[in-house]
Amino acid sequence: MQEELCPVAAFFGKAEKLVLRSEGRERTVEKGEEFEKILSAWGETLKEGRQMPAFGVSIDRLTREEMKTGLWIEFLFANEERCMGMPFESLLVGIRGGYRGFNVIRRTEGLYQGRCFYIDLGGGDLASFESFLLGIIG
């Protein structure tokens, strides 16, 4: 696979740990049974998804403010990764139940800043995954 054409979804399974955030609460999930259940549910959510051209751009200050509310999942990697020429050390997704697609925000050099990726869920939505995550984070 050429790096320039890589689907960002291929990277989620390479995460070393996950950070779940909900309404100011935060929980880190290390590799293990719960980690694998989350990745499996995420894979099921993305099964009909496809990467689309993204117009979203993250501005660190605004993203951090938005992260104070709602439900978020962040996939953290051991090393810097690169897809479509864009580097990242983690990928952040806001989980909104009725959404049928979402921006994937890159964090690089500690900042949630720059161009995003976009995944269209191909007719599905984030409702089941949202309920699943809320059951974990409480």
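Anything mentioned here points back to the structure above.
First things first, this report covers the structure right here in the doc. (Residues numbered from 1 in each chain as written. Predicted model: local features only at pLDDT ≥ 70, side-chain atom pairs only at ≥ 80, totals over all residues. Heavy atoms only, no water.)

## Quick word on the packing of aromatic side chains
Overall, the coordinates contain 9 aromatic pairs when judged by the stated rule. Considering the side-chain rings of Trp-42 and Phe-102, the 5.5 Å spacing of their centres and the 45° angle between planes classify their relative orientation as tilted. You can see Trp-42 sitting in helix α1 (residues 33-46) and its partner Phe-102 sitting in strand β7 (residues 101-108), a full 60 residues away along the chain. Here Trp-42 and Phe-102 have matching classes, each one buried. With 6.2 Å between their ring centres and 85° between their planes, Phe-88 and Phe-117 make a pair best called edge-to-face. Taken together, the positions of Phe-88 in strand β6 (residues 86-95) and Phe-117 in strand β10 (residues 117-120) put the pair 29 residues apart, joining distant regions of the chain. (Phe/Tyr/Trp six-rings, centres within 6.5 Å; stacked < 30°, edge-to-face > 60°. Helix = DSSP H or I, 4+ residues; strand = E, 2+ residues; numbered from the N terminus. Buried < 20%, exposed > 50% of the residue type's maximum accessible area, 1.4 Å probe, protein only.)

## Quick notes on α1
With 14 residues, α1 extends 20 Å from end C-alpha to end C-alpha; this agrees with the ideal 20 Å at 1.5 Å per step. Of the positions making up α1, those classed as buried are Phe-35, Ile-38, Leu-39, Ala-41, Trp-42, Thr-45 and Leu-46. For α1, the buried positions fall inside an angular range of 160° around the axis, keeping them on one side. Exposed side chains of α1 directed beyond 90 degrees from the buried face belong to Glu-33 and Ser-40. (Expected span 1.5 Å × (residues − 1). Arc of directions from axis to C-beta.)

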